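# Inside the fold
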Amino acid sequence: ALEPLSVGLAIGVAYALTGYLSDPRFYCSLVECCPSAGHRLNATALKVQLDAKLFGQHLAKDVVLKAVMGFTNNLSPKKPLTLSLHGWAGTGKNFLSQILAENIHPAGLRSKFVHLFLATLHFPHQEQLKLYKEQLQNWIRGNVSACPHSIFIFDEMDKMHPGLIDAIKPFLDYYEHVDGVSYRKAIFIFLSNAGGDLINKAALDFWTSGKQREEIQLKDLEPMLSVGVFNNKNSGLWHSSLIDRNLIDYFVPFLPLEHKHVKMCVRAEMTARGYAVNEKVVQAVADEMTFFPKEQKIYSDKGCKTVQAKLDIHEDV
């Protein structure tokens, strides 16, 4: 027979071990957990990352940083945060959304609480629009039920079938609950090339008038951008109730990148690969990029999108 002292000691150890293993701090060190209600975003860390990795986008960095910090610090937001990022390819829209996701869910795009939708992959067929709407609603409902702080990123909005995105309108509106689920702490991000021409023209107008790009403010572009994508059949937001009902909190413009910004991208890529920064290589890669307008050649027509590929051919150097 077991001694009473031994039995009591074993029970005590088992109880303590069970308590330790069930402690959220230990459990969440092994398994990804949804952030707690009192979780606070580290504004300093987010700003440092944006400054170090996102080039030439003073406006986007400022708007998104303030919007996200204001939203996450609000214990009882009235609606989800909804951002629509616009600009030509290679200007940093995907990059910014990834950095933001990583600062809320450390696993970033690998997190089970971050959901990326690609229009051409997930919603390819116009004739299945009704099915896509139902699937999208069910997916968002299920994931927000599991984690109120879920992030949903919709890429290639300019390739999305008109009317599809309106399926999520109830989740973005000012409702406390929809079928018993609160969506108020979720974040929705739309990425689109639509509106890029408008942004580029405005940036060129500033340059022509002798103003610095850093003087461009959100009020100079946002009204024009929201109207432009609303009336653009290839925006994914054509005549969308999300715009009509003012459910998109910010239309964030990404400016075309200048020669100096392309060089910053090259240096950052060299550093990321563990190379010493070689300014001759930096210049060579930048010189291989194409710029517009044809006469002035101010802005890169692909942003920094092909920097990695072009750097590959200089690896021997």
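Residues numbered from 1 in each chain as written. Predicted model: local features only at pLDDT ≥ 70, side-chain atom pairs only at ≥ 80, totals over all residues. Heavy atoms only, no water.

The protein is annotated in an unreviewed UniProt entry as TOR1B protein of Podargus strigoides. Taken verbatim from the UniProt record of the protein, the Sequence similarities (unreviewed entry) comment is "Belongs to the ClpA/ClpB family. Torsin subfamily." (UniProt positions renumbered as here; feature names shortened; annotations may be inferred.)

### Considerations on the pairing of strand β3 (residues 151-155)
Successive side chains on a regular strand alternate, one facing one side of the sheet and the next facing the other. For β3, the buried fraction is high: five of the five residues fall into the buried class. Of the two faces of β3, both are covered, the one formed by I151, I153 and D155 as well as the one formed by F152 and F154. As defined by bridge partners, strand β2 (residues 114-118) adjoins β3 across five bridges and the pair is classed as parallel. Paired with L118 across the two strands is D155, which belongs to β3. Here β3 runs beside strand β4 (residues 187-192); their pairing, made up of four bridges, is parallel. Its bridge partner lying in β4, I151 is registered against I187. (Buried < 20%, exposed > 50% of the residue type's maximum accessible area, 1.4 Å probe, protein only. Helix = DSSP H or I, 4+ residues; strand = E, 2+ residues; numbered from the N terminus. Pairing = 2+ DSSP bridges.)

### As for the UniProt feature "domain: Torsin-1A C-terminal" (unreviewed entry) in the protein
UniProt's entry tags residues 257-312 with the feature "domain: Torsin-1A C-terminal" (unreviewed entry), counted in the numbering of this structure. Segment residues 257-312 splits into 54% helix and 7% strand. End C-alpha atoms: 21 Å apart.

### Regarding the pattern of salt bridges
This structure, assessed with the given rule, holds 13 salt bridges. A salt bridge links E258 to R213; its shortest N-O distance comes to 3.3 Å. With a gap of 45 residues between them, E258 in the loop between β5 (250-253) and α12 (259-272) and R213 in the loop between α9 (196-208) and α10 (218-230) connect regions that are remote in the sequence. A relative accessible area of 8% places R213 in the buried class. In this structure, R273 and E269 form a salt bridge, with 2.7 Å as the shortest nitrogen-oxygen distance. (Salt bridge = Lys/Arg side-chain N within 4 Å of Asp/Glu carboxyl O.)

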